[in-house]
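A structural walkthrough
In case you want the letters, here they are:
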Amino acid sequence: YDDRDGKIWMDGKMVDWRDANVHILSHAMHYASSVFEGERAYNGKIFKSREHSERLHYSAGELDFLIPYNVDEIEAAKEKVLKEAGLKDAYIRAVAWRGAGPDMGVASSRNAVHLAIAAWEWGAYYGDAKTKGAKLDISKWKRPSPETIPVHAKAAGLYMICTTSKHAAEAKGCSDALFMDYRGYVAEATGANIFFVKDGEVHTPLADCFLNGLTRQTVIGMLKERDIVVHERHIMPEEMEGFQQCFLTGTAAEVTPVGMIGAYTFEVGALTRDIGAAYEALVRS
Ligand code: PMP
């Protein structure tokens, strides 16, 4: 994937895709001092672009570093990347990290902070599960307490257990893994938030120890506009028995129905399909 044509924006310059490298002694490589964003452009316009750039800055702040480009500069850089790539529908990845420098220990305040932005085409994140319904495995790992790690940052370190959980899920023929949180409540998938439907009402875990996704917030707004009751609350895993529908939300995942979580099964129902179609219409409007 590194050996291809194209340009990546790195620290203010458009660099050839093949040459967009970082030094092996970058602090981020050793200590996960890296934050990122996943964004999607539709018809040439990035959905919630500014919110993503603001979240990138928030995440960096949680990791105690300052990105040397403000939100307006990041917005301009993303536009440039999209234009250069010639893509109307694209996935955009912005990543900011602590580089190599005088500090090779845990502390890194003297090492420069870098920013890079790339864009590429990325279709349905869960493949044909987008229509058929995804199968999820329950992860053996738990989403940590907000007293353990900055849980609302989109930071590389929080994804270590996402990768291993997703690998374990895929080995069982599932599309993704679902995390419980440190208290045992249902939390989120490895790159998406989760919603359930019961008797026409929607239930979703309170985002008190995981990423409160921009898609999650958008979908809650859309449901409320349609006078659908949304319960943001703690959900026990046993409650999944009584839920009729389930779906995931995320920038990459968009709205993806879930057909199965462990032994629990769900139908790909009208509410899920309608909100998926409405989300698609919104991002393209
Ligand atoms: N949780 C995790 C762990 C994620 O990686 C993502 C994707 N960024 C989400 C939730 C959904 O966030 P968003 O809707 O902002 O993409």
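Residues numbered from 1 in each chain as written. Predicted model: local features only at pLDDT ≥ 70, side-chain atom pairs only at ≥ 80, totals over all residues.

A closer look at the nonpolar core
By size, the foremost hydrophobic cluster in this structure holds 41 residues, and its most contacted members are Leu 136, Leu 178, Cys 246, Leu 248 and Val 258. Leaving out residues up to four positions away in the same chain, Leu 178 has contacts with Leu 136, Ile 138, Ser 139, Val 186, Ala 189, Ile 194 and Ile 261. In this structure, Trp 9, Ala 41, Leu 63 and Val 81 belong to the second largest nonpolar core, which totals 30 residues. (Core = buried A, V, L, I, M, F, W, Y, C linked by C-beta atoms within 7 Å. Buried ≥ 20, exposed ≤ 12 C-beta atoms within 10 Å, placed from the backbone. Contact = placed C-beta atoms within 7 Å.)

Comments concerning the sheet that holds strand β1 (residues 7-10)
Taking strand neighbours across the sheet as the criterion, the six strands line up as β2-β1-β6-β5-β3-β4 in an open arrangement whose pairing is antiparallel. Two strands bound the open sheet, and with one partner strand each, they are β2 (13-16) and β4 (45-46). The pairing of β1 with β2 spans four bridges and is antiparallel. Across the sheet, residue Trp 9 finds its bridge partner in β2, namely Met 14. Taken strand by strand, helix α2 (residues 49-62) contacts β3 (34-42), β4 and β5 (90-98), and its axis lies near 175° from that of β3. Helix-sheet contacts for helix α3 (residues 71-85) involve β1, β2, β3, β4, β5 and β6 (113-120), and the interaxial angle to β6 is about 35°. (Pairing = 2+ DSSP bridges. Helix = DSSP H or I, 4+ residues; strand = E, 2+ residues; numbered from the N terminus. Axes fitted to C-alpha atoms, helices over the stretch in contact; angles between N-to-C directions.)

Structural notes on helix α5 (residues 160-171)
Over its twelve residues, α5 extends 17 Å from the first C-alpha to the last, a length consistent with the 16 Å expected when each residue adds 1.5 Å. For α5, every residue scored as buried is listed here: Ser 165, Lys 166 and Ala 169. Down the axis of α5, the smallest arc covering the buried residues is 100°, so these residues share one side. Facing away from the buried side of α5 by more than 90 degrees, the exposed set consists of Met 160, Thr 163, His 167 and Ala 171. (Expected span 1.5 Å × (residues − 1). Arc of directions from axis to C-beta.)

Quick look at the confidence of the model for the protein
When the pLDDT values of the protein are averaged, the result is 97; 100% of them are 70 or greater. In the model output, the complex is listed with pTM 0.98 alongside ipTM 0.99. (pLDDT = per-residue confidence, 0-100.)

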